[in-house]
Amino acid sequence: MTQTARPYLPFTRPSIDETTIAGVAEVLRSGWITSGPQVREFEAQLSAWCGGRPVRALNSGTAALEIGLALAGIGRGDEVITSPLTWVGTANVIVRAGARPVFVDIDPVTRNIDLARLEAAIGPATRMLLPVDLAGLPVERAALYAIARRHGLRVLEDAAQSFGASSGAVPIGAAGDLIAFSFHAAKNLTTAEGGCLVMNNAEEARQCELWRLQGVERFADGTLDATLPGGKSNMTDVAARLGIGQLARLPEFTARRRALARRYLQRFDRSLGCELPVADFTQSNWHMFQIVLPAGTDRGAFLRGMQAAGIGVGVHYPPVHLLTLYRNLGHAPGEFPIAERIGAGTVTLPLFPDMLDADVDRVCEAVTTVLRTP
Ligand SMILES: *Cc1c(COP(=O)(O)O)cnc(C)c1O
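Model, not experiment: these values are computed from the prediction. (Residues numbered from 1 in each chain as written. Predicted model: local features only at pLDDT ≥ 70, side-chain atom pairs only at ≥ 80, totals over all residues. Heavy atoms only, no water.)

A few words now on the site of the ligand. Lining the immediate surroundings of the ligand are 15 residues, of which Gly61, Thr62, Asp158, Ser182 and Lys187 lie closest. The contact in question runs from an oxygen atom of the ligand to an N or O atom on the side chain of Thr62, over 2.5 Å. A molecule is said to occupy a pocket when more than half its atoms come within 2 Å of that pocket's grid points, and by this definition the ligand occupies the second largest pocket. Within the shell around the ligand, the residues separate by chemical class into four nonpolar, nine polar and two charged. (Near = heavy atom within 4 Å. Polar contact = N/O pair within 3.5 Å; in protein donor to acceptor, adjacent residues only side chain to side chain. 1 Å grid on protein atoms, 1.4 Å probe; cavity = no way out; pocket = protein on both sides within 12 Å on 5 of 7 lines; lining within 4 Å. Sits in = over half its atoms within 2 Å of the grid points. Nonpolar A, V, L, I, M, F, W, Y, C, P; charged D, E, K, R; others polar.)

Next comes the structure, spelled out in structure tokens:
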């Protein structure tokens, strides 16, 4: 085989078909580009996906988390329990609400918050549990909600990565308390930027509408009132039309991601000593395929080696409690050893629906070559 340079393989890339692009163009020509009929249609379809529960579309997953906290009345003096191995946004929203994030170490196998340790972290100021489905592998909902019920706590699921996944046979979003999804460009379903919040009832949905648009309520006589200091986090019709095109293909996307993940687990050289993700092909939506490098591996060198081979890789995530903001709040290395060990060795390999089987083989070969090269 001749050594022709192979095209760069990014670690993720959205799949946007021509029908969706034409639909977005139609919205752009329609004269109505911000929140309108497309948002209402997208919300109706999301609600159907989520077992008929109320859903409101927003301009980010972060906004969905912020509004979820507001609906539960989380503020000063409250504690919210979450995972240290997540995107910093998960914890930032808690701090910005004036509450205190309480981290609980992760389970080394699932890499999600360890439910056995979680219960011990519940104290008199705990108001809410904010679990994260890292890489799209859901935290087990039955066990999670049993703990929440025992202690009378609200739950806000950071399901930013787990749209299309399920816990047991129940789709994420179709059960539970408050569920925040993200439609950021790197997520399994994208609206470029966007998100949504799944709620319990019509009153919460009405409050969410106020929080997402300046707290404003409009009346038939043309007047308006503002009753709470809402922000600006409504979704545009342009984004919603993109989301409608994506939602129609979500089952196909998820099936393809599962097939690619299965191939990774078949092809990956087990003698390298990397920790591989849980082989779950029924619940996880395989948002990411993450390996943990063997102890002592120079991750920087590994990342450079993969990039040099034309393969995009990522690090998701450095543990949140070790970032400056959280060190300034009193956190220090050694507090959550499992999250720290996995955070130090984790690497995200390419996984997206348009990838070819041969791309998986190429990545596996490159990992072997880079790790075997001294
Ligand atoms: C993407 C993500 C968010 C934030 O979503 P945005 O749409 O980028 O605001 C929050 N938490 C997790 C775990 C995420 O992956």
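Having put the structure on the table, let's press on.
Along the chain, Thr297 turns up in the loop between strand E12 (289–292) and helix H10 (299–308). For Thr297, a relative accessible area of 30% puts it in the partly exposed group. When the C-alpha atoms of Thr297 and Val88 are compared, they prove to be 25 Å apart, with 209 residues separating the residues in sequence. Among the polar contacts made by the side chain of Thr297, one reaches the main-chain carbonyl oxygen of Pro294 at a distance of 2.6 Å. (Helix = DSSP H or I, 4+ residues; strand = E, 2+ residues; numbered from the N terminus. Buried < 20%, exposed > 50% of the residue type's maximum accessible area, 1.4 Å probe, protein only.)

Another point: the domain arrangement of the protein chain. In terms of domain boundaries, the protein chain breaks down into domain 1 (18–248) and domain 2 (250–372). Taking the mean C-alpha position of each, domain 1 and domain 2 sit 25 Å from one another. Taken over both partners, the interface formed by domain 1 and domain 2 buries close to 3,100 Å², and the fraction arising from carbon and sulfur atoms is 60%. Ranking the residues of domain 1 by area buried against domain 2 places Phe103, Arg111 and Asn188 at the top, with a combined share of 23%. Taken together, the connections running from domain 1 to domain 2 amount to zero salt bridges. (Domains from an automatic or database assignment. Buried area = accessible area lost by both parts, 1.4 Å probe. Salt bridge = Lys/Arg side-chain N within 4 Å of Asp/Glu carboxyl O.)

Within the element layout of this structure, Pro294 appears in the loop between E12 and H10. Separated by 51 residues in sequence, Pro294 and Gly345 have C-alpha atoms that sit 7.3 Å apart. Not counting residues within four places of it along the chain, the set of residues in contact with Pro294 comprises Leu272, Gly273 and Cys274. (Contact = heavy atoms within 4.5 Å.)

This part takes up the nonpolar core. Counting 29 residues, the largest nonpolar core has Tyr264, Phe268, Phe289, Ile291, Met306 and Leu349 as its most contacted members. If you list the elements that add at least two residues to this core, you get helix H9 (250–267), E12, H10, strand E13 (346–349) and helix H13 (357–372). With six residues, H13 is the single largest residue contributor to this core. Not counting the four nearest positions on each side in its chain, Phe289 is found in contact with Ala261, Tyr264, Leu265, Pro277, Val347, Thr348, Leu349 and Leu351. Counting residues in each nonpolar core, the second largest holds 23 residues, with Val39, Leu189, Cys196 and Phe253 among its members. (Core = buried A, V, L, I, M, F, W, Y, C linked by side-chain atoms within 4.5 Å.)

Between the side-chain oxygen at the start of H10 and the backbone nitrogen of Gly300 there is a gap of 3.1 Å, and the oxygen is on Asp298. Positive phi appears at Gly310, one or two residues downstream of H10, with a value of about 80°.

Turning our eyes to something else, we now look at the layout of surface pockets. Here the largest pocket defines a volume of roughly 520 Å³. Along the walls of the largest pocket sit 17 residues, with Ser35, Glu209, Arg212, Leu213 and Val216 positioned nearest its centre. Of all the elements in the fold, those that place two or more residues in the lining of the largest pocket are helix H2 (37–49), helix H7 (202–212) and strand E10 (216–218). The element contributing the most residues to the lining of the largest pocket is H7, with four residues. Here the lining of the largest pocket is built from residues that sort into five nonpolar, four polar and eight charged. The computed volume of the second largest pocket comes to approximately 430 Å³. Lining the second largest pocket we find 27 residues, and of these Trp87, Ser182, His184, Lys187 and Tyr317 sit closest to its centre. The set of elements that each furnish at least two residues to the lining of the second largest pocket consists of helix H3 (61–71), helix H4 (89–96) and strand E8 (178–182). (Points joined across faces, edges and corners; volume = space filled by probe spheres on them.)

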